[in-house]
Amino acid sequence: MSTQKLELTWFNKDKHLKVEPRILIKREDLSVKRAPDNLLEEGIYDNILIHGDNLLALRALENKYSGKIKCIYIDPPYNTGSAFEHYDDNVEHSIWLSLMRERLVILKNLLSDDGSIWISIDDDERDYLKVLCDEVFGRQNFVTSIIWQKKGSRSNDAKWFSDNHDYILIYAKNKMNFKINKLSRGDGIPKGYSNPDNDPRGPWTSTIMSAKSGSDSLLYEIEIPSGRKVLPPSGRFWSCNKQTFEKWKKEGRIWFGSKGDSAPRKKTFLSEVQDGLVPLTVWLRDEVGDNQEAKHEVKVFNSTDVFATPKPERLIQRILTIATNEGDIVLDSFLGSGTTAAVAHKMKRRWIGIELGNHIYTHCKIRIDAVINNNDKGGISELYEWNGGGGYQFYELAPTLIKTDCFGEPIINKEYNPEMLASAIALHEGFTYSPESSKFWKQSKSTENSYLFVTTTCVTLNLIKEIESEMSEDEFLIIACKSFEKQVLNYSNKIKIKKIPQLILGKCVFDKDDYSLNIVNPPKYEDEEEEECYE
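Below: a short report on this structure. Source: prediction; values computed, not measured. (Residues numbered from 1 in each chain as written. Predicted model: local features only at pLDDT ≥ 70, side-chain atom pairs only at ≥ 80, totals over all residues. Heavy atoms only, no water.)

### Observations regarding helix H8 (residues 339–346)
Helical geometry: 3.6 residues make up each α-helical turn, so side chains three or four residues apart lie on a common side.
Argument step 1. Within H8, 8 of the 8 residues are buried, leaving the element largely enclosed by the surrounding structure.
Argument step 2. Those residues of H8 that fall on the buried side of the exposure criterion are Thr339, Thr340, Ala341, Ala342, Val343, Ala344, His345 and Lys346.
Argument step 3. For H8, the elements touching its buried residues are strand E4 (69–74), helix H7 (313–323), strand E16 (329–332), strand E17 (350–355), helix H9 (359–372) and strand E18 (390–397).
Argument step 4. One or two residues past the end of H8 sits Lys348, with phi positive at roughly 65 degrees. (Buried < 20%, exposed > 50% of the residue type's maximum accessible area, 1.4 Å probe, protein only. Helix = DSSP H or I, 4+ residues; strand = E, 2+ residues; numbered from the N terminus. Contact = heavy atoms within 4.5 Å.)

Put into structure tokens, the structure is as follows:
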């Protein structure tokens, strides 16, 4: 029997990237805090802004945030070949698919079990991305595809058709657990509801009472107020049996038209229907904005350097309204001009934004700072009565942990101090770096009784004896070090010695800063001092 399966394939699909998990370096000078005038008290400073390659940054987040993100929105480069100033969008097709897959796998891990991911995409890559997402998230977790009207004008210079829409693909981590929030009905009476007979129960709408299929019990005559007797249309059935019909009629739920001579229709009262509206799959610019509206929003913060395809705040607000509640964590790993973070902040959601380019300083930070300081009056500010408040922590992605010396040998990057090294090794080994002040060797923790201690000094037998004397019977410790005395290797069955950097070599690719999907001035670090080599 054949084991072949239906799948999307491309060059080098079977080669998965081994991405280095890097630590994040907090920049206190760029982080912002302000009194919580308008925000939830809990977690108001948990927001995170990260500068660095987003694939590397996602790996950095994976250990701490797996299963915690309620909603992910991304607007990746579409691989159209257009010459964007902020993104090199002309990535070879197979590379684009490979790099998108690596990101999607991590993003899936980050989603909570009731979370969802929303991906903006255009015609060129929509179908490929759909099949790729089916593989990563499971076809059964596909929710729907939204059509968004991104512009209202016609491009008469287009060769074939004027391109006026993009798509938003929606996948759930687990569709059985995914619940949406319905949209507000707004003020007044919704379209389709009225009260022509002055029913005291208020406005209502009516629906036909026939169905395509049914049984003989659904075929019967109905006498209407004018005296005429009617049957369902040819080939159809009534939607209820006669007993139910008489019950509805007695309750005043049947409408025969203003003159009492029309086929029966069932009345549904506005006061009885579910709260809110189920979202449609076509979102028009009048409802959620378009690219032009988004450009005006961005110009407020940077009038000389505007993105070609920013997303309007009303579009992101619609997504977060449906997919999240106050206090939930929202992630955008292609933050661009900062729209997702700005909207999430105003809506009292916690957020994580990742951006590689210099516009994290010229666009994202300036925009979010304006939101916090109540200097942003545009977008959805008025709708949410925004008055400022909150904050975020700014992080730079750390440089690679392992460099190569002039002999071609792997060495620990000189930019890493002991604390950074301990934190990085913990991240590689799946431990959480959280030093205990009472016991120096309880540096990082995995399970309740499993610890990791990283040191750059030589591990001696006396040190092992000292540590073991403090350990309880059910505790286990890994010591990662550069050197050690031979007699410590088998001294204790509760302590295992591992050498660095050998401990982590081969687990990932080091010294790679750019994964090419989003090519924008890769982060630069100060040059290392030249290493001296001796014959």
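### Brief notes about the pairing of strand E3 (residues 48–51)
Argument step 1. Here E3 shows a buried face lined by Ile48 and Ile50 and a second buried face lined by Leu49 and His51.
Argument step 2. One ladder, built from 4 bridges, connects E3 with E18; its direction is parallel. Bridge assignment links Leu49 to a residue of E18, and that residue is Phe394. (Pairing = 2+ DSSP bridges.)

### Looking at the packing of aromatic side chains
Argument step 1. Counted according to the given criterion, the structure contains 9 aromatic pairs.
Argument step 2. Aromatic pair Phe142 and Tyr171: ring centres 5.2 Å apart, planes at 55 degrees, arrangement tilted. With Phe142 in strand E6 (residues 142–149) and Tyr171 in strand E7 (residues 165–172), this residue pair connects regions lying 29 residues apart in the sequence.
Argument step 3. Taken together, the aromatic side chains of Phe137, Phe142 and Tyr171 make up a single cluster linked through ring pairs.
Argument step 4. The ring of Tyr167 has Arg126 lying over it, and the distance from NZ or CZ to the ring centre is 5.5 Å.
Argument step 5. Lying over the aromatic face of Phe142, Lys130 brings its terminal NZ or CZ to 4.2 Å of the ring centre. (Phe/Tyr/Trp six-rings, centres within 6.5 Å; stacked < 30°, edge-to-face > 60°. Lys NZ or Arg CZ within 6 Å of the ring centre and 35° of its normal.)

### Some thoughts on the sheet that holds strand E13 (residues 254–255)
Argument step 1. Spatially, E8-E14-E13 is the arrangement adopted by the 3 strands of the open sheet, whose pairing is antiparallel. Each having just a single partner strand, strand E8 (204–208) and E13 make up the two edges of the open sheet.
Argument step 2. Direction of pairing for E8 relative to strand E14 (residues 265–269): antiparallel, over a ladder of 5 bridges. Of the residues in E14, the one forming a bridge with Ile208 is Arg265.

### As for a nonpolar patch on the surface
Argument step 1. A surface patch of nonpolar side chains, amounting to about 210 Å² of accessible area, comprises Ile147, Val282 and Leu284.
Argument step 2. Here Val282 lies in strand E15 (residues 282–283).
Argument step 3. Val282 sits in the partly exposed class, given a relative accessible area of 39%. (Patch = residues over 30% accessible without salt bridge, like charges linked within 9 Å, V, L, I, M, F, W, Y side chains within 5 Å. Areas by Shrake-Rupley, 256 points an atom, 1.4 Å probe, with all protein chains shown as cover. Salt bridge = Lys/Arg side-chain N within 4 Å of Asp/Glu carboxyl O.)

### Details of the packing of helix H2 (residues 93–110) against helix H3 (residues 123–137)
Argument step 1. The geometry of H2 relative to H3 is characterised by a closest axis approach of 10 Å and an angle of 40 degrees between their N-to-C directions. By the angle class used here, H2 and H3 are oblique. Where H2 crosses over H3, the handedness of that crossing is right-handed. Between H2, through His93, Trp96, Leu97, Met100, Arg101, Leu104, Val105 and Lys108, and H3, the contact on the second element is made entirely by Glu125, Tyr128, Leu129, Leu132, Cys133, Val136 and Phe137. (Axes fitted to C-alpha atoms, helices over the stretch in contact; angles between N-to-C directions. Parallel < 35°, antiparallel > 145°, perpendicular 65-115°, else oblique. Left-handed = near helix turned anticlockwise from the far one by under 90°.)

### A short note on the pattern of salt bridges
Argument step 1. As enumerated under the stated definition, the model contains 34 salt bridges in all.
Argument step 2. Between Lys70 and Asp114 there is a salt bridge, with the nearest N and O atoms lying 3.9 Å from each other. Placement of the pair is Lys70 in strand E4 and Asp114 in strand E5 (residues 111–121), with a sequence separation of 44 residues.
Argument step 3. Looking at Asp114, the relative accessible area reads 31%, which means it is partly exposed.
Argument step 4. Look at the salt bridges and you will find they share partners, linking Glu297, Glu313, Lys346, Arg367 and Asp376 into a network.

### A look at the pairing of E4
Argument step 1. With 6 of its 6 residues buried, E4 lies for the most part within the structure.
Argument step 2. The sheet contact formed by E4 and E5 spans 5 bridges and is parallel. Note on E5: the bridge partner recorded for Ile74 is Ile119.
Argument step 3. Sheet analysis places E4 next to E16, joined by 2 bridges and oriented parallel. In the strand pairing of E16, Cys71 is matched with Val330.

### Quick look at the nonpolar core
Argument step 1. Counting 44 residues, the largest nonpolar core has Leu104, Leu107, Ile117, Leu129, Leu132, Leu331 and Ile352 as the members making the most contacts within it.
Argument step 2. When residues in this core are grouped by element, the largest group, 8 residues, is from H2.
Argument step 3. Those residues in contact with Leu129, other than ones at most four positions away along the chain, are Trp96, Met100, Leu104, Ile119, Ile121 and Leu169.
Argument step 4. Leu49, Ile319, Ile322 and Val343 belong to the second-largest nonpolar core, a separate cluster that totals 33 residues. (Core = buried A, V, L, I, M, F, W, Y, C linked by side-chain atoms within 4.5 Å.)

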